[in-house]
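# Structural characterization, general
Given next are the chains, with one letter for each unit.
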Amino acid sequence: MPELPEVESLSRFLAEQLVGRTVDRVYPVAVHALKTYDPPITALEGRSFDAVTRHGKFLDLTAGDAHLVIHLARAGWVRWTEKMADAPPRPGKGPLALRVRLAAVPDGGTGTDTGTDTDTDSGTGFDVTEAGTQKGLALYVVRDPLDVPGVARLGPDPFAADFTPAAFTELLAGRRSQIKGVLRDQSVIAGIGNAYSDEILHAARMSPYKLATALTEDEIGTLYEAIGTTLADAVERSRGLPLRDLKSEKKSGLRVHGRKGEACPVCGDTIREVSFSSSAMQYCPTCQTGGKPLADRRMSRLLK
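Residues numbered from 1 in each chain as written. Predicted model: local features only at pLDDT ≥ 70, side-chain atom pairs only at ≥ 80, totals over all residues. Heavy atoms only, no water.

## Thoughts on the pattern of salt bridges
Close approach of charged atoms lets side chains of opposite charge pair. Here is the rule we go by: The rule for a salt bridge is simple: a side-chain nitrogen of Lys or Arg has to be within 4 Å of a carboxyl oxygen of Asp or Glu. Secondary structure follows DSSP: runs of H or I at least 4 residues long count as helices, runs of E at least 2 residues long count as strands, and numbering of each begins at the N terminus. Residue exposure (1.4 Å probe, protein chains only): buried if accessible area is under 20% of the type maximum, exposed if over 50%, otherwise partly exposed.
Applying the stated criterion across every chain yields a total of 16 salt bridges. Of the charged contacts, one joins Asp157 and Arg54 as a salt bridge, the two residues approaching to 2.6 Å between their closest N and O atoms. Of this pair, Asp157 sits in the loop between α2 (149–152) and α3 (165–172) while Arg54 sits in strand β2 (residues 51–55), and the two are 103 residues apart along the sequence. Both residues of the pair, Asp157 and Arg54, count as buried. Through salt bridges with shared partners, one network takes in Glu8, Arg12, Arg54 and Asp157.

## Regarding the packing of α3 against helix α6 (residues 217–238)
For the record, the criterion: Between N-to-C directions, angles cover 0 to 180 degrees, with each direction set by a line fitted to C-alpha atoms, over the stretch in contact for helices. Roughly parallel refers to an angle under 35 degrees, roughly antiparallel to one over 145, roughly perpendicular to one between 65 and 115, and oblique to any angle outside these ranges. Throughout, a crossing is termed right-handed when the near helix is turned clockwise from the far one, and left-handed when it is turned anticlockwise from it by less than a right angle. When checking whether two residues touch, look at their non-hydrogen atoms; a contact exists if any pair is within 4.5 Å. All amino acids are sorted into three groups, where Ala, Val, Leu, Ile, Met, Phe, Trp, Tyr, Cys and Pro are nonpolar, Asp, Glu, Lys and Arg are charged, and the leftover types, Gly among them, are polar.
The N-to-C vectors of α3 and α6 enclose an angle of 115°; their axes lie 10 Å apart at closest approach. In terms of orientation, α3 lies roughly perpendicular with respect to α6. Of the two possible hands of crossing, α3 and α6 adopt the one that is right-handed. The segment α3 lies against α6, with Pro165, Phe168, Thr169 and Leu172 engaging Ile220, Leu223, Tyr224 and Ile227. Looking at the contact of α3 with α6, its residues break down into 7 nonpolar, 1 polar and no charged.

## Focus: the sheet that holds strand β5 (residues 76–81)
In plain terms, the rule: Here, any two strands with at least 2 DSSP bridges between them count as paired.
One open sheet accounts for 4 strands, arranged β1-β6-β9-β5; its pairing is antiparallel. Each edge of the open sheet carries a strand with a single partner, namely β1 (23–28) and β5. The mean angle between the axes of side-by-side strands here comes to 15°, regardless of whether they run parallel or antiparallel. Where β5 meets strand β9 (residues 125–130), 6 bridges bridge the pair, whose relative direction is antiparallel. Its bridge partner being in β9, Arg79 is matched across the sheet by Asp127.

Function cannot be inferred from these measures alone, as they are strictly geometric.
Following this line, the structure appears as structure tokens:
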């Protein structure tokens, strides 16, 4: 699932490509992914993009008073295309959910009259796709990003100026939930999912089962620092990479998540896993749990 670092990298790339460009045509291919009807998605046509920003894991493409807000869910992605086919895409069972075709830029966009009528960048645009059979991708066209329920309920962003150690301490106060779940709760902190919560907790040398309310002042400080450095490092590794390489970079940059059975890069212990109904988390016993493996309740039931 794309999380804050990947969506941040996507937003930066798209901002460079889209700001100032005009939408020619919008093709909603997977109608089930479109969650709004007013304004209609066709309202984007003829508008120019003013900005591309991020709200947690949500992309926000602003065009005048309309916002195309995208949540990529588990398997969604954005693919940039320099030359699209002229024929409109056909609805079907493929991964394509939305196609946005940009208007051509006259004379290469230089503003200089070359004495010809040739346009450049004809057919440039992007596709929003979703792999697999579990469809969770969501597309919204709204007048205000806060009209999207998922955006409205977001907690503070880890990159925001007001996400301070004091604010983080206040967020954790009184929460008797396990810290792994707290980090993944979008209403508490925006943008962190399963993968980066594993990475943050490993960097902080903290058990994912530790209760948030039980953290000491020093542990809160260590965790706060781990959030900032882990996410910032992930964004920095992605800087300048084409969109097609962002997913593979994420996987190669993870130290414990998705690496069950491999050696911990810090201590060399074997990375362990706890499985849940639809996901799994990975951790290092030596670094995080005093050398003790955590109970895997699902596997325990299977062994009975």
